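# Architecture and fold: a report
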Number of protein chains: 2
Amino acid sequence: MRLRLHFGDRLMLGPGKADLLAGIRDSGSISAAGRAMSMSYKRAWSLVEEMNAAFGAPLVISSRGGAQGGGAHLSPMGEEILAQYRALEQRALAAGSEQIEAIAARLRDISEEK
Amino acid sequence: MRLRLHFGDRLMLGPGKADLLAGIRDSGSISAAGRAMSMSYKRAWSLVEEMNAAFGAPLVISSRGGAQGGGAHLSPMGEEILAQYRALEQRALAAGSEQIEAIAARLRDISEEK
(Lines give C-alpha, C1' and ligand atoms only; values in the text may rest on other atoms or scores of the structure.)
Protein backbone atom coordinates (compact mmCIF):
# COMPACT_ATOMS: atom_id res chain seq x y z
CA MET A 1 0.00 0.00 0.00
CA ARG A 2 1.30 3.42 -0.91
CA LEU A 3 0.10 6.62 0.65
CA ARG A 4 0.24 10.04 -0.89
CA LEU A 5 -0.70 13.14 1.06
CA HIS A 6 -2.04 16.09 -0.90
CA PHE A 7 -1.86 19.40 0.90
CA GLY A 8 -3.78 21.49 -1.57
CA ASP A 9 -1.45 23.07 -4.11
CA ARG A 10 1.29 23.32 -1.54
CA LEU A 11 2.79 19.87 -1.41
CA MET A 12 2.34 16.26 -2.32
CA LEU A 13 4.15 13.92 0.01
CA GLY A 14 4.36 10.27 -0.96
CA PRO A 15 6.67 7.28 -0.94
CA GLY A 16 9.17 8.82 -3.38
CA LYS A 17 9.92 11.87 -1.26
CA ALA A 18 9.89 9.82 1.94
CA ASP A 19 12.38 7.32 0.48
CA LEU A 20 14.53 10.21 -0.75
CA LEU A 21 14.62 11.72 2.75
CA ALA A 22 15.53 8.32 4.20
CA GLY A 23 18.26 7.91 1.59
CA ILE A 24 19.73 11.33 2.39
CA ARG A 25 19.69 10.50 6.08
CA ASP A 26 21.45 7.18 5.45
CA SER A 27 23.91 8.24 2.74
CA GLY A 28 24.60 11.83 3.75
CA SER A 29 24.25 12.85 0.12
CA ILE A 30 21.40 14.05 -2.07
CA SER A 31 23.05 12.71 -5.21
CA ALA A 32 23.77 9.29 -3.68
CA ALA A 33 20.22 9.06 -2.34
CA GLY A 34 18.80 9.95 -5.73
CA ARG A 35 21.11 7.56 -7.53
CA ALA A 36 20.00 4.69 -5.30
CA MET A 37 16.46 5.41 -6.49
CA SER A 38 17.50 5.69 -10.17
CA MET A 39 16.68 9.37 -9.95
CA SER A 40 18.71 12.05 -11.67
CA TYR A 41 20.64 14.49 -9.54
CA LYS A 42 18.48 17.26 -10.92
CA ARG A 43 15.30 15.44 -10.02
CA ALA A 44 16.49 14.65 -6.50
CA TRP A 45 17.47 18.27 -5.96
CA SER A 46 14.16 19.47 -7.30
CA LEU A 47 12.24 17.29 -4.85
CA VAL A 48 14.42 18.46 -1.97
CA GLU A 49 13.89 22.09 -2.91
CA GLU A 50 10.16 21.51 -3.17
CA MET A 51 10.04 20.02 0.32
CA ASN A 52 12.33 22.65 1.80
CA ALA A 53 10.13 25.40 0.40
CA ALA A 54 6.88 23.84 1.57
CA PHE A 55 7.74 23.50 5.24
CA GLY A 56 8.41 26.12 7.86
CA ALA A 57 12.06 25.10 7.95
CA PRO A 58 14.19 23.14 5.48
CA LEU A 59 13.98 19.37 5.82
CA VAL A 60 17.36 18.84 4.20
CA ILE A 61 20.48 20.80 5.03
CA SER A 62 23.01 20.77 2.23
CA SER A 63 26.47 21.68 3.43
CA ARG A 64 27.74 22.23 -0.08
CA GLY A 65 25.78 22.28 -3.29
CA GLY A 66 26.96 22.02 -6.85
CA ALA A 67 27.07 19.33 -9.45
CA GLN A 68 29.54 17.17 -7.54
CA GLY A 69 27.10 16.90 -4.67
CA GLY A 70 28.18 18.14 -1.28
CA GLY A 71 27.18 16.56 1.97
CA ALA A 72 23.60 16.71 3.12
CA HIS A 73 21.68 15.67 6.18
CA LEU A 74 18.18 15.90 7.55
CA SER A 75 17.30 18.78 9.82
CA PRO A 76 15.37 18.02 13.02
CA MET A 77 12.24 18.93 11.08
CA GLY A 78 13.26 16.58 8.29
CA GLU A 79 13.67 13.76 10.79
CA GLU A 80 10.30 14.59 12.29
CA ILE A 81 8.43 14.68 8.99
CA LEU A 82 9.98 11.40 7.87
CA ALA A 83 9.12 9.77 11.19
CA GLN A 84 5.53 11.02 11.01
CA TYR A 85 5.16 9.75 7.46
CA ARG A 86 6.53 6.31 8.38
CA ALA A 87 4.23 6.18 11.41
CA LEU A 88 1.33 7.13 9.16
CA GLU A 89 2.19 4.29 6.77
CA GLN A 90 2.34 1.77 9.58
CA ARG A 91 -0.85 2.91 11.25
CA ALA A 92 -2.81 3.08 8.00
CA LEU A 93 -1.62 -0.36 6.94
CA ALA A 94 -2.54 -1.85 10.31
CA ALA A 95 -5.96 -0.17 10.29
CA GLY A 96 -6.73 -1.35 6.76
CA SER A 97 -5.22 -4.81 6.80
CA GLU A 98 -8.62 -6.52 6.91
CA GLN A 99 -9.81 -4.60 3.85
CA ILE A 100 -6.56 -5.17 1.96
CA GLU A 101 -6.74 -8.89 2.64
CA ALA A 102 -10.38 -9.00 1.55
CA ILE A 103 -9.50 -7.33 -1.75
CA ALA A 104 -6.44 -9.56 -2.26
CA ALA A 105 -8.57 -12.64 -1.61
CA ARG A 106 -10.83 -11.69 -4.53
CA LEU A 107 -8.01 -11.46 -7.05
CA ARG A 108 -8.04 -14.12 -9.71
CA ASP A 109 -6.05 -17.11 -8.63
CA ILE A 110 -3.25 -17.07 -11.17
CA SER A 111 -2.01 -20.44 -9.93
CA GLU A 112 -5.08 -21.91 -11.63
CA GLU A 113 -3.98 -20.74 -15.05
CA LYS A 114 -2.71 -23.25 -17.55
CA MET B 1 -4.73 11.37 1.52
CA ARG B 2 -4.73 9.01 -1.41
CA LEU B 3 -4.17 5.31 -1.15
CA ARG B 4 -2.88 3.05 -3.84
CA LEU B 5 -2.75 -0.70 -3.42
CA HIS B 6 -0.10 -2.58 -5.38
CA PHE B 7 -0.75 -6.29 -5.77
CA GLY B 8 2.53 -7.27 -7.33
CA ASP B 9 2.32 -7.08 -11.11
CA ARG B 10 -1.31 -8.06 -11.05
CA LEU B 11 -3.14 -4.88 -10.20
CA MET B 12 -2.81 -1.38 -8.89
CA LEU B 13 -5.97 -0.14 -7.24
CA GLY B 14 -6.14 3.53 -6.35
CA PRO B 15 -8.49 6.49 -6.25
CA GLY B 16 -8.89 6.67 -10.02
CA LYS B 17 -10.22 3.14 -10.42
CA ALA B 18 -12.33 3.46 -7.28
CA ASP B 19 -13.90 6.69 -8.53
CA LEU B 20 -14.51 5.08 -11.91
CA LEU B 21 -16.32 2.17 -10.26
CA ALA B 22 -18.41 4.61 -8.23
CA GLY B 23 -19.20 6.59 -11.36
CA ILE B 24 -20.32 3.48 -13.22
CA ARG B 25 -22.50 2.49 -10.30
CA ASP B 26 -24.06 5.95 -10.18
CA SER B 27 -24.38 6.66 -13.90
CA GLY B 28 -24.96 3.18 -15.27
CA SER B 29 -22.46 3.91 -18.02
CA ILE B 30 -18.73 3.44 -18.48
CA SER B 31 -18.50 6.31 -20.92
CA ALA B 32 -20.47 8.71 -18.70
CA ALA B 33 -18.40 7.72 -15.67
CA GLY B 34 -15.18 8.30 -17.58
CA ARG B 35 -16.41 11.60 -19.03
CA ALA B 36 -17.21 12.88 -15.54
CA MET B 37 -13.55 12.25 -14.68
CA SER B 38 -12.29 13.86 -17.91
CA MET B 39 -11.18 10.43 -19.02
CA SER B 40 -11.42 9.21 -22.59
CA TYR B 41 -13.82 6.39 -23.35
CA LYS B 42 -10.85 4.28 -24.36
CA ARG B 43 -9.07 4.94 -21.09
CA ALA B 44 -12.16 4.19 -19.00
CA TRP B 45 -12.70 0.93 -20.86
CA SER B 46 -9.07 -0.01 -20.47
CA LEU B 47 -9.24 0.46 -16.70
CA VAL B 48 -12.46 -1.55 -16.50
CA GLU B 49 -10.92 -4.37 -18.53
CA GLU B 50 -7.85 -4.33 -16.34
CA MET B 51 -9.98 -4.66 -13.19
CA ASN B 52 -12.25 -7.28 -14.70
CA ALA B 53 -9.25 -9.39 -15.69
CA ALA B 54 -7.53 -9.07 -12.32
CA PHE B 55 -10.34 -10.36 -10.15
CA GLY B 56 -11.96 -13.75 -9.93
CA ALA B 57 -15.13 -12.31 -11.48
CA PRO B 58 -15.75 -9.12 -13.46
CA LEU B 59 -16.37 -6.03 -11.35
CA VAL B 60 -18.26 -4.27 -14.14
CA ILE B 61 -20.96 -5.89 -16.24
CA SER B 62 -21.43 -4.17 -19.56
CA SER B 63 -24.77 -4.98 -21.12
CA ARG B 64 -23.76 -3.60 -24.50
CA GLY B 65 -20.33 -2.49 -25.61
CA GLY B 66 -19.27 -0.44 -28.57
CA ALA B 67 -18.30 3.14 -29.13
CA GLN B 68 -21.73 4.49 -28.27
CA GLY B 69 -21.44 3.04 -24.79
CA GLY B 70 -24.00 0.56 -23.65
CA GLY B 71 -25.31 0.28 -20.13
CA ALA B 72 -23.04 -0.94 -17.40
CA HIS B 73 -23.38 -1.75 -13.75
CA LEU B 74 -21.30 -3.14 -10.95
CA SER B 75 -21.41 -6.84 -10.24
CA PRO B 76 -21.77 -7.97 -6.61
CA MET B 77 -17.99 -8.35 -6.57
CA GLY B 78 -17.61 -4.85 -7.98
CA GLU B 79 -19.80 -3.48 -5.19
CA GLU B 80 -17.79 -5.42 -2.65
CA ILE B 81 -14.39 -4.29 -3.90
CA LEU B 82 -15.51 -0.65 -4.02
CA ALA B 83 -16.95 -0.91 -0.50
CA GLN B 84 -13.75 -2.47 0.81
CA TYR B 85 -11.64 0.21 -0.82
CA ARG B 86 -13.79 3.00 0.65
CA ALA B 87 -13.66 1.36 4.08
CA LEU B 88 -9.90 1.12 3.73
CA GLU B 89 -9.67 4.82 2.93
CA GLN B 90 -11.78 5.76 5.93
CA ARG B 91 -9.97 3.49 8.35
CA ALA B 92 -6.52 4.54 7.15
CA LEU B 93 -7.41 8.21 7.36
CA ALA B 94 -8.80 7.82 10.86
CA ALA B 95 -5.77 5.83 12.00
CA GLY B 96 -3.33 8.37 10.57
CA SER B 97 -5.10 11.61 11.35
CA GLU B 98 -2.69 12.51 14.12
CA GLN B 99 0.31 12.08 11.82
CA ILE B 100 -1.35 13.95 8.97
CA GLU B 101 -2.17 16.86 11.25
CA ALA B 102 1.38 16.89 12.61
CA ILE B 103 2.79 17.12 9.08
CA ALA B 104 0.25 19.76 8.05
CA ALA B 105 1.12 21.82 11.13
CA ARG B 106 4.75 21.99 9.95
CA LEU B 107 3.92 23.40 6.54
CA ARG B 108 5.04 26.94 5.97
CA ASP B 109 2.34 29.37 6.97
CA ILE B 110 1.52 30.92 3.64
CA SER B 111 -0.71 33.50 5.32
CA GLU B 112 2.53 35.10 6.57
CA GLU B 113 3.73 35.79 3.06
CA LYS B 114 3.71 39.33 1.74
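Only a predicted model underlies this, so the values are computations on that prediction, with no experimental measurement involved. (Residues numbered from 1 in each chain as written. Chains lettered and ligands numbered in written order. Predicted model: local features only at pLDDT ≥ 70, side-chain atom pairs only at ≥ 80, totals over all residues. Heavy atoms only, no water.)

Glancing now at the relation of the copies chain B and chain A. Of the transformation placing chain B onto chain A, the axial shift is 0.0 Å and the rotation is 180°, giving an RMSD of 0.0 Å. Look at the turn and shift together and you get a two-fold axis relating the two. Residue alanine 92 of chain B of chain B places its C-alpha closer to the rotation axis than any other residue of that unit, at 2.0 Å. Both copies contact each other with a shared surface, as 100% of the interface residues of chain B are interface residues in chain A too. (Least-squares fit on C-alpha atoms with pLDDT ≥ 70 in both. Contact = heavy atoms within 4.5 Å.)

Residue and element names in this part refer to chain A. Taken as a whole, this structure holds ten salt bridges over all chains when the rule is applied. Two residues, arginine 86 and aspartate 19, come together in a salt bridge whose shortest N-O distance is 2.8 Å. Of this pair, arginine 86 sits in helix H4 (residues 76-106) while aspartate 19 sits in helix H1 (residues 15-27); the two residues are 67 residues apart in sequence, bridging distant segments of the chain. Since its relative accessible area comes to 25%, arginine 86 is described here as partly exposed. Look at aspartate 19 and you get partly exposed, because its relative accessible area is 34%. Here arginine 25 and aspartate 26 are joined by a salt bridge, their closest N and O atoms 3.1 Å apart. (Salt bridge = Lys/Arg side-chain N within 4 Å of Asp/Glu carboxyl O. Helix = DSSP H or I, 4+ residues; strand = E, 2+ residues; numbered from the N terminus. Buried < 20%, exposed > 50% of the residue type's maximum accessible area, 1.4 Å probe, protein only.)

Together, Arg2 and Arg4 of chain A together with Arg2 and Arg4 of chain B line one region of the surface with positive charge. Here arginine 2 of chain B lies in strand E1 (residues 2-7). When its relative accessible area of 44% is taken as the criterion, arginine 2 of chain B is described as partly exposed. (Patch = residues over 30% accessible without salt bridge, like charges linked within 9 Å, V, L, I, M, F, W, Y side chains within 5 Å. Areas by Shrake-Rupley, 256 points an atom, 1.4 Å probe, with all protein chains shown as cover. Lys, Arg positive; Asp, Glu negative; His and termini not counted. Charge placed at Lys NZ, Arg CZ, Asp CG, Glu CD.)

A regular strand places its side chains so that they alternate between the two faces of the sheet. Judged by which residues are buried, strand E1 (residues 2-7) of chain A turns out to be one-sided: Leu3, Leu5 and Phe7 of chain A face inward and are buried, whereas Arg2, Arg4 and His6 of chain A, on the alternate face, are not. When E1 of chain A meets E1 of chain B, the two strands line up antiparallel, connected through three bridges. Looking at E1 of chain B, one finds that arginine 4 of chain A is bridged to arginine 2 of chain B. Connecting the antiparallel pair E1 of chain A and strand E2 (residues 11-13) of chain A is a turn made up of three residues, with glycine 8 of chain A showing a positive phi of about 50°. (Pairing = 2+ DSSP bridges.)

Right, let's talk about the pairing of E1 of chain B for a bit. Direction of pairing for E1 of chain B relative to strand E2 (residues 11-13) of chain B: antiparallel, over a ladder of three bridges. Across the sheet, the residue bridging to leucine 5 of chain B is leucine 13 of chain B, located in E2 of chain B.

This part covers the interface of chain B and chain A. Residue-level contacts link 35 residues of chain B with 35 residues of chain A. Summing both partners gives a buried area of about 3400 Å² for chain B against chain A, and 65% of it is carried by carbon and sulfur. Three residues stand out in chain B for area buried against chain A, namely Ile103, Arg106 and Leu107 of chain B, and they jointly supply 20% of the buried area on that side. Counting the contacts that link chain B with chain A gives two salt bridges. Between arginine 106 of chain A and glutamate 80 of chain B there is a salt bridge, with its nearest N and O atoms 2.9 Å apart. (Buried area = accessible area lost by both parts, 1.4 Å probe.)

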